[in-house]
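Structural features, examined
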Amino acid sequence: MHKDEASRLFAALADENSVKLAKMLNNRGDMNYDALLNVVGCNIMAFNRSLESMLNSKLVLLNNDIYSINKELLDTLLKFIVTPCSCTHK
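Residue positions within a chain follow its written sequence, with the count starting from 1. Predicted model: local features are reported for residues with pLDDT of at least 70 only, side-chain atom pairs are reported and counted for 80 or more only, and whole-chain, interface and lining totals are derived from all residues. Hydrogen atoms and water are omitted, and side-chain values are computed over all heavy atoms in the structure.

1. Focus on helix α1 (residues 3-12)
Residue pairs three or four apart in sequence face the same way in an α-helix, which turns once every 3.6 residues. Quick note on the threshold: Buried residues are those whose accessible area, probed at 1.4 Å on protein chains only, stays under 20% of the maximum for their type, while exposed residues exceed 50% and partly exposed ones sit between those limits. Helix and strand definitions follow DSSP, with helices as H or I runs of at least four residues and strands as E runs of at least two, each counted in order from the N terminus. Think of it as the arc spanned by the lines of direction from the helix axis to the C-beta atoms. Note on contacts: a residue pair qualifies if any of its non-hydrogen atoms lie within 4.5 Å across the two residues.
The set of residues buried in α1 consists of A6, L9 and A12. Looking straight down α1, one finds that the buried residues subtend no more than 115 degrees of arc, so they occupy a single side. For α1, the exposed residues set more than 90 degrees away from the buried face come down to K3 and D4. For α1, the secondary structure elements touched by its buried residues are α2 (16-28), α4 (44-57) and α5 (71-82).

Given below as structure tokens:
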């Protein structure tokens, strides 16, 4: 993963609804739209913006009306953050 991709993924997680959405899908498993909206508990317009951002970034996947977290991409992002940089900048 490159820092540009990491930045794009963090932008998709830039609001509290997106973070909650990601946490719910990661911890509770796959959900349909209504269940996710109920769990996140925000207004529908804010929820739809967050969900669209997460889908566009590929952090959330949609298959047959069921949403799931992209665990591989999420794990890659987390590993990118905790892995020391090999750059020479101080």
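2. Some details on α5
So the rule is basically this: Under the convention used throughout, the expected extent of a helix is 1.5 Å for every residue step, that is, one less than its residue count.
Here α5 is 12 residues long and its end C-alpha atoms lie 16 Å apart, about the 16 Å a rise of 1.5 Å per residue gives. Of the residues making up α5, those classed as buried are L73, L74 and L77. Buried residues of α5, seen end-on, are gathered within an arc of 100 degrees and therefore sit on one face of the element. Of the residues in α5, the exposed ones pointing more than 90 degrees away from the buried face are E72, K79 and V82. Structurally, α5 contributes buried residues whose contacts are with α1, α2, α4 and β3 (66-69).

3. Here's the deal with the pattern of salt bridges
Short version of the rule: Think of a salt bridge as a Lys or Arg side-chain nitrogen and an Asp or Glu carboxyl oxygen that are within 4 Å of each other.
Under the definition given, this model contains 1 salt bridge. Ionic pairing is found between R8 and E5, a salt bridge with its closest N-O pair at 3.7 Å. Remark: E5 and R8 occur in helix α1; sequence separation between them is 3 residues, near one turn of the helix. Owing to a relative accessible area of 29%, E5 belongs among the partly exposed residues under this scheme.

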